[in-house]
Each structure stands twice: as C-alpha cells, then as structure tokens.
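# Observations on the three-dimensional arrangement
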Amino acid sequence: VGEQVLLKCSFKSSSPITDSLLVDWTYRPLTEGQMETIFYYQSVPHPTTAGKFKDRISWVGNVARGDASIAIESPALSDNGTFTCSVKNPPDV
C-alpha cells in the first residue's frame with residue numbers, strides 16, 4: 001500500500017511489431033463489479049480518463065522488447081482484483 005506497484009506483462013510475436021500493435025489492460029474487482037479497461041497502448045499510451053485508476057497508471061513497457069508493463073501509483077487495498085493484459089499484433093494475437 002502506498003508504494004508504486006509494477007504490473008509486468010511480456011509477450012512474443014512471430015509478426016514484426018507495427019503501429020497496429022494493441023495492448024489492452026483490464027481490471028475486475030475482487031467483489032462484485034464489471035470488468036473495465038484501465039489502460040491501452042496503440043503507438044502511444046492511453047491511460048484511463050475515468051474511474052478509480054484515473055491519473056494513477058503509467059506506461060513502463062517497451063513493445064520493441066516484448067514488454068507491455070504498466071505501473072500503478074498509490075495502490076490501496078480497495079484496488080485488489082484481477083488485472084489482465086492482452087496483446088494483439090496483427091495478424092498475430
């Protein structure tokens with residue numbers, strides 16, 4: 001709690017990395033609640049502009065190195081849940 005947390009995500013692709021590569025991070029709370037997109041990356045980072053993670057997520061990845069990691073500032077126990085990273089690099093998924 002309180003210290004920045006790194007959510008690691010690594011990927012491999014048999015296709016060259018292009019501007020069409022898409023990284024999508026979703027979050028589902030431990031208790032009842034909808035899955036929500038909290039961050040996506042396509043050429044540039046797009047952190048969420050609403051919800052509990054607004055202004056708290058930063059891109060720390062490097063797609064050229066197969067890294068799609070993000071960092072969350074000031075984590076709280078209420079942030080507990082399932083974080084999922086998906087990477088699509090057409091035609092590779």
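This one's a predicted model, so the numbers in the text were calculated from it and none came from an experiment. (Residues numbered from 1 in each chain as written. Predicted model: local features only at pLDDT ≥ 70, side-chain atom pairs only at ≥ 80, totals over all residues. Heavy atoms only, no water.)

Glancing now at the state of the cysteines. Taken as a whole and judged by the stated rule, the model has one disulfide. With its sulfur 2.1 Å from that of its partner, C9 forms a disulfide with C85. On the S-S bond that ties C9 to C85, the torsion sits near -65°, and the link is left-handed. Linking C9 in the loop between β1 (5-7) and β2 (22-29) with C85 in strand β7 (residues 81-88), this pair joins segments that are 76 residues apart in sequence. (Disulfide = S-S within 2.5 Å. Helix = DSSP H or I, 4+ residues; strand = E, 2+ residues; numbered from the N terminus.)

The next subject is the side chain of S69. Within the secondary structure layout, S69 lies in the loop between β5 (57-59) and β6 (70-72). Within the local environment of S69, its side chain forms a polar contact with the side chain of D67, the two groups lying 2.6 Å apart. Excluding residues within four positions of it along the chain, S69 makes contact with L6, L7, K8, C9, W25, W59, V60 and G61. (Polar contact = N/O pair within 3.5 Å; in protein donor to acceptor, adjacent residues only side chain to side chain. Contact = heavy atoms within 4.5 Å.)

Right, let's get into the sheet that holds β6. The strand order β1-β6-β5 describes an open sheet built from three strands, whose pairing is antiparallel. Each end of this open sheet is capped by a strand with a single partner; those strands are β1 and β5. Each strand of the sheet is rotated relative to its neighbour by a mean of 30°, with strand direction disregarded. (Pairing = 2+ DSSP bridges. Axes fitted to C-alpha atoms, helices over the stretch in contact; angles between N-to-C directions.)

All right, on to the side chain of T48 then. Summarising the element assignment, T48 is placed in the loop between β4 (44-47) and β5. In this structure T48 comes out as buried when scored by relative accessible area, which is 17%. A polar contact of 2.9 Å, which involves the side chain of T48, links it to the backbone oxygen of A50. The residues contacting T48, other than those within four sequence positions of it, are T37, I38, F53, K54 and D55. (Buried < 20%, exposed > 50% of the residue type's maximum accessible area, 1.4 Å probe, protein only.)

On average, residues of the chain score 94 in pLDDT, and 100% of them are at 70 or above. Mean pLDDT per element in the chain: β4 is the minimum at 95, and β6 is the maximum at 98. (pLDDT = per-residue confidence, 0-100.)

A few words now on the pairing of β2. Where β2 lies against β7, eight bridges are found, and the strand directions are antiparallel. Its bridge partner lying in β7, L22 is registered against K88. With five bridges joining them, β2 and strand β3 (residues 36-42) adopt antiparallel strand pairing. The residue of β3 that forms the bridge with V23 is Y41.

On to unusual backbone geometry. Peptide bonds are, in most cases, trans, and in most cases residues other than glycine have a negative phi. The residue after P90, namely P91, is reached through a cis peptide bond having omega 5°. Position of P91 relative to the elements: it lies in the segment after β7. For S43, which is not glycine, the phi dihedral falls at a positive 70°. You can see S43 is positioned in the loop between β3 and β4. Despite not being glycine, D55 shows a phi value in the positive range, around 65°.

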